[in-house]
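# Structure assessment
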Amino acid sequence: RVLSGVTLEALDILATAIRAARLRRGWTLRELAERVGVSEPTIIKVEQGSPTVAVGTVLEAATLVGVPLFD
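These figures come from a predicted structure and were not determined experimentally. (Residues numbered from 1 in each chain as written. Predicted model: local features only at pLDDT ≥ 70, side-chain atom pairs only at ≥ 80, totals over all residues. Heavy atoms only, no water.)

A few words on the nonpolar core. Buried together is how nonpolar side chains tend to be arranged in soluble globular proteins. Core analysis: the biggest nonpolar cluster contains 14 residues, and Ile18, Leu32, Val46, Ala61, Val65 and Val67 have the highest contact counts within it. Listed by contribution, the elements that provide at least two residues to this core are helix H1 (5–25), helix H2 (29–36), helix H3 (40–48) and helix H4 (55–65). The residues contacting Ala61, other than those within four sequence positions of it, are Ile18, Leu32, Val36 and Val46. (Core = buried A, V, L, I, M, F, W, Y, C linked by side-chain atoms within 4.5 Å. Buried < 20%, exposed > 50% of the residue type's maximum accessible area, 1.4 Å probe, protein only. Helix = DSSP H or I, 4+ residues; strand = E, 2+ residues; numbered from the N terminus. Contact = heavy atoms within 4.5 Å.)

Here it is, written out as structure tokens:
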């Protein structure tokens, strides 16, 4: 499956925001993974903007670190 450039850009923007917010909170990858209820490698994929991560996982990570989802 090939994703559009717009989709890939959105994933990248969200991933960057999640990582930056996690770091501002001083949380490790492991700490965020535990809070989301997934493995550390999954959080690494979230922060890389991988399109294979479940959307619920990405949105939960964003919510926990304080990234606004909808304005």
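Relative to the elements of secondary structure, Arg22 occurs in helix H1. A distance of 2.8 Å separates a polar side-chain atom of Arg22 from the backbone oxygen of Trp27. Here Arg22 is in contact with Trp27, Thr28, Leu29, Leu32, Glu47 and Val65, once residues within four sequence places are set aside. (Polar contact = N/O pair within 3.5 Å; in protein donor to acceptor, adjacent residues only side chain to side chain.)

Now for the packing of H2 against H4. One can describe the packing of H2 onto H4 by two numbers: an axis separation of 10 Å at closest approach and a directional angle of 115°. The orientation of H2 with respect to H4, classified from their angle, is roughly perpendicular. H4 is crossed by H2, and the crossing has right-handed handedness. Across from Leu32, Arg35 and Val36 in H2, the residues of H4 making contact are Thr57, Glu60, Ala61, Leu64 and Val65. When its residues are assigned to classes, the contact of H2 with H4 shows 5 nonpolar, 1 polar and 2 charged. (Axes fitted to C-alpha atoms, helices over the stretch in contact; angles between N-to-C directions. Parallel < 35°, antiparallel > 145°, perpendicular 65-115°, else oblique. Left-handed = near helix turned anticlockwise from the far one by under 90°. Nonpolar A, V, L, I, M, F, W, Y, C, P; charged D, E, K, R; others polar.)

What follows concerns the packing of H1 against H4. Axis separation between H1 and H4 bottoms out at 9 Å; the angle between their running directions is 40°. Once H1 is placed against H4, the crossing between them reads as left-handed. On H4, the residues touching Leu14, Ile18, Ala21, Arg22 and Arg25 of H1 are Val58, Ala61, Ala62, Leu64 and Val65. Residue classes in the contact of H1 with H4 are distributed as 8 nonpolar, no polar and 2 charged.

For the rest of this paragraph, the subject is the pattern of salt bridges. For the coordinates displayed, the defined rule picks out 3 salt bridges. Here Glu47 ties to Arg22 by a salt bridge, and the two come within 2.5 Å at their closest N and O atoms. With Glu47 in helix H3 and Arg22 in helix H1, the pair connects residues that are 25 residues apart, well separated along the chain. Given the relative accessible area of 13%, Glu47 is considered buried. In this structure, the salt-bridge partner of Arg30 is Glu40, at a minimum N-O distance of 3.9 Å. Of this pair, Arg30 sits in helix H2 while Glu40 sits in helix H3, placing them 10 residues apart in sequence. You can call Glu40 partly exposed: its relative accessible area is 30%. Several salt bridges share partner residues, and in doing so they unite Arg19, Arg22 and Glu47 into one network. (Salt bridge = Lys/Arg side-chain N within 4 Å of Asp/Glu carboxyl O.)

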